[in-house]
Amino acid sequence: MTGETWIDVMAAEDIDEFFPEGVTVNGKYLAIYKCNGGYFATDGYCSHEDAKLCDGYLDGGIIECPLHHARFEVATGRVLSEPATRNLGVYPVEVRDGRIHVKMEGSQEARDAS
């Protein structure tokens, strides 16, 4: 099936406010965040050197890459500091019945990628 689909990626209770979770959806690795009273999803790799953002430091809606310390705003994907110069992709998130759903292309299931 093609088109945009809401995909169930994980239980909302499984994510900690200070530690993002990584999931693979339709072959794409994403970082899922709980911060600032909401849930967010971005590309899971830093746009600079492909380090996993889930291994980075999350503080007040800002994720810092663990490799070279580039920083990004999780709500918008906007790069805030070098060495990264490209924004992250962001994906709409909804919480339904205690489960986090991400809007993606296709209709496959998510799998844990931590």
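Now for a look at the structure at hand.

Cut-offs and rules
- Residues numbered from 1 in each chain as written.
- Predicted model: local features only at pLDDT ≥ 70, side-chain atom pairs only at ≥ 80, totals over all residues.
- Heavy atoms only, no water.
- Helix = DSSP H or I, 4+ residues; strand = E, 2+ residues; numbered from the N terminus.
- Buried < 20%, exposed > 50% of the residue type's maximum accessible area, 1.4 Å probe, protein only.
- Contact = heavy atoms within 4.5 Å.
- Polar contact = N/O pair within 3.5 Å; in protein donor to acceptor, adjacent residues only side chain to side chain.
- Pairing = 2+ DSSP bridges.
- Axes fitted to C-alpha atoms, helices over the stretch in contact; angles between N-to-C directions.

### Points about the environment of E64
For step 1, the next point in the chain: Among the structural elements, E64 can be located in strand β6 (residues 62–64).
For step 2, the next point in the chain: Residue E64 is classed as partly exposed on the basis of its relative accessible area of 22%.
For step 3, the next point in the chain: For the pair E64 and C46, spaced 18 residues apart in the sequence, the C-alpha separation amounts to 9.0 Å.
For step 4, the next point in the chain: Every residue in contact with E64, bar those within four places of it in the chain, is listed here: G56, Y57, H69, A70 and R71.
For step 5, the next point in the chain: A distance of 3.2 Å separates a polar atom in the side chain of E64 from a polar atom in the side chain of H69.

### Considering the sheet that holds strand β8 (residues 79–81)
Paired through backbone hydrogen bonds, the strands of a sheet run either parallel or antiparallel to each other.
For step 1, the next point in the chain: With antiparallel pairing, the four strands of this open sheet are ordered in space as β5-β6-β7-β8. With one partner strand each, in any of the chains shown, β5 (57–59) and β8 form the two edges of the open sheet. Adjacent strand axes in the sheet meet at a mean angle of 25°, parallel and antiparallel pairs treated alike.

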